[in-house]
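Understanding the architecture of this molecule
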Amino acid sequence: MITSTDRLLLIEKVLILKALSIFSETPENILADLAPLMQEEEFEKDTVIFEEGEIGDCMFIIHRGQVKIHKGITTLAILDEKEVFGELSLLDAETRSASATAYADCTLFRIDQEPFYELLDTRPEVARGFIKILCQRLRAQNEKSILSNS
């Protein structure tokens, strides 16, 4: 049985998902199916979340704090609340292309690949947000590549 606190938590998770660019156009009723897959994890500042080269099988959503994405000592990005990382690992179980370390104390939500795939079987709409964001990132990377080669 779902208690009122469980329902509130589900609603809060749906709102967190809705605030992400990946899921901003996904209807709330579909996000309500995705929300239970979100596993909360805490990381203290300077804790390694995952290492470059590890096999990835989940993505993370930053609920509180900041995460540094890096290759060795080279920082690629500092991500803030309402940003995601490791999302490619939801689509394929390849090795991580960079490391992720808590830049500040963090509360993250982890979504694992296997239950996500099961959800895609019944809710293909969830994949649309992913495809859209990945296309935007690819276009931005192409633009960056073209500008740096000019």
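This text gives an overview of the structure that appears in the document.

What counts, and at which threshold
Residues numbered from 1 in each chain as written. Predicted model: local features only at pLDDT ≥ 70, side-chain atom pairs only at ≥ 80, totals over all residues. Heavy atoms only, no water. Phe/Tyr/Trp six-rings, centres within 6.5 Å; stacked < 30°, edge-to-face > 60°. Helix = DSSP H or I, 4+ residues; strand = E, 2+ residues; numbered from the N terminus. Buried < 20%, exposed > 50% of the residue type's maximum accessible area, 1.4 Å probe, protein only. Lys NZ or Arg CZ within 6 Å of the ring centre and 35° of its normal. Salt bridge = Lys/Arg side-chain N within 4 Å of Asp/Glu carboxyl O.

1. What to know about the packing of aromatic side chains
The geometry of an aromatic ring pair comes down to the distance between the two centres and the angle between the two planes. In total, this model carries four aromatic pairs according to the counting rule given. Look at Phe-60 and Phe-85: their rings are 5.2 Å apart centre to centre, the planes differ by 15 degrees, and that puts the pair in the stacked class. Of this pair, Phe-60 sits in strand E3 (residues 58-64) while Phe-85 sits in strand E6 (residues 84-85), placing them 25 residues apart in sequence. Accessibility expressed as a relative area gives 4% for Phe-60, which makes it buried. One residue, Arg-96, lies across the ring of Phe-50, its end atom 3.8 Å from the ring centre.

2. Side note on the pattern of salt bridges
In this structure the tally under the stated criterion is six salt bridges. A salt bridge links Glu-52 to Lys-71, with the nearest nitrogen and oxygen atoms 2.9 Å apart. With Glu-52 in the loop between strand E2 (48-50) and E3 and Lys-71 in strand E4 (residues 67-71), this residue pair connects regions lying 19 residues apart in the sequence. Overall, Glu-52 belongs to the partly exposed group, its relative accessible area being 38%.

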